[in-house]
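Next come the chains, spelled out residue by residue.
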Amino acid sequence: MATTAERTTSRTTSSTTLVILATAIAAWIATIAWIRVDDMSAMPGTMGMGLATFTVMWGLMMTAMMLPSVDPFIRMYEMTVSTHRTRRLVALGGGYVV
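These notes cover the structure that comes with them. Keep in mind that this is a model prediction, so the values were computed, not measured. (Residues numbered from 1 in each chain as written. Predicted model: local features only at pLDDT ≥ 70, side-chain atom pairs only at ≥ 80, totals over all residues. Heavy atoms only, no water.)

Brief notes about the packing of helix α4 (residues 71–80) against helix α5 (residues 85–97)
For step 1, the next point in the chain: Where α4 contacts α5, the axes come no closer than 11 Å and their chain directions differ by 155°. Between α4 and α5, the angle falls in the class roughly antiparallel. Handedness of the α4/α5 crossing: right-handed. Across the interface between the two elements, Phe73, Ile74, Tyr77 and Glu78 of α4 pack against Arg85, Arg88, Leu89, Leu92 and Gly93 of α5.
For step 2, the next point in the chain: Class assignment for the residues of the contact of α4 with α5 results in 5 nonpolar, 1 polar and 3 charged. (Axes fitted to C-alpha atoms, helices over the stretch in contact; angles between N-to-C directions. Helix = DSSP H or I, 4+ residues; strand = E, 2+ residues; numbered from the N terminus. Parallel < 35°, antiparallel > 145°, perpendicular 65-115°, else oblique. Left-handed = near helix turned anticlockwise from the far one by under 90°. Contact = heavy atoms within 4.5 Å. Nonpolar A, V, L, I, M, F, W, Y, C, P; charged D, E, K, R; others polar.)

Notes on the nonpolar core
For step 1, the next point in the chain: Grouped together as the largest cluster of nonpolar side chains are 5 residues: Ile20, Leu67, Val70, Ile74 and Leu89.
For step 2, the next point in the chain: The residues contacting Ile74, other than those within four sequence positions of it, are Thr16, Ile20, Leu89, Leu92 and Gly93. (Core = buried A, V, L, I, M, F, W, Y, C linked by side-chain atoms within 4.5 Å. Buried < 20%, exposed > 50% of the residue type's maximum accessible area, 1.4 Å probe, protein only.)

A closer look at helix α3 (residues 51–66)
For step 1, the next point in the chain: Taking 1.5 Å per residue, 16 residues should reach 22 Å; α3 reaches 21 Å between its end C-alpha atoms and fits that length.
For step 2, the next point in the chain: Those residues of α3 lying buried are Met57, Thr63 and Ala64. Along the long axis of α3, the arc covered by the buried residues comes to 125°, so they all point the same way. For α3, exposure combined with an orientation more than 90 degrees from the buried face picks out Leu51 and Ala52. (Expected span 1.5 Å × (residues − 1). Arc of directions from axis to C-beta.)

Looking at a nonpolar patch on the surface
For step 1, the next point in the chain: Together, Trp28, Ile32, Trp58, Met62, Met65, Met66, Tyr96 and Val97 line one region of the surface with nonpolar side chains, adding up to about 740 Å² of accessible area.
For step 2, the next point in the chain: Going through the elements one at a time, α2 (15–38), α3 and α5 are the ones with two or more residues in the nonpolar patch.
For step 3, the next point in the chain: The dominant element in the nonpolar patch, judged by the number of residues it contributes, is α3, at 4 residues.
For step 4, the next point in the chain: Along the chain, Tyr96 falls in helix α5. (Patch = residues over 30% accessible without salt bridge, like charges linked within 9 Å, V, L, I, M, F, W, Y side chains within 5 Å. Areas by Shrake-Rupley, 256 points an atom, 1.4 Å probe, with all protein chains shown as cover. Salt bridge = Lys/Arg side-chain N within 4 Å of Asp/Glu carboxyl O.)

In structure tokens form, the structure reads like this:
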């Protein structure tokens, strides 16, 4: 049986990692599409958006950039959780995004 250290250094891709990467890629695609449609290349500050629209754009950008950085922590947490795994992992990932 592998030790915790051996499992954390394993380079296999877990389903959790794939979900995290797919979410980040989707957020990148949405962000880039939004920027191309609204041509925000030269606008400062909130880029001429209202508060609600800017908050959604900010959330997309944060998801795209920051979610992959939490993958090692989520994978470690995934190894320690034994009950209600899916619900707890979704809550952790969702809480991080929120």
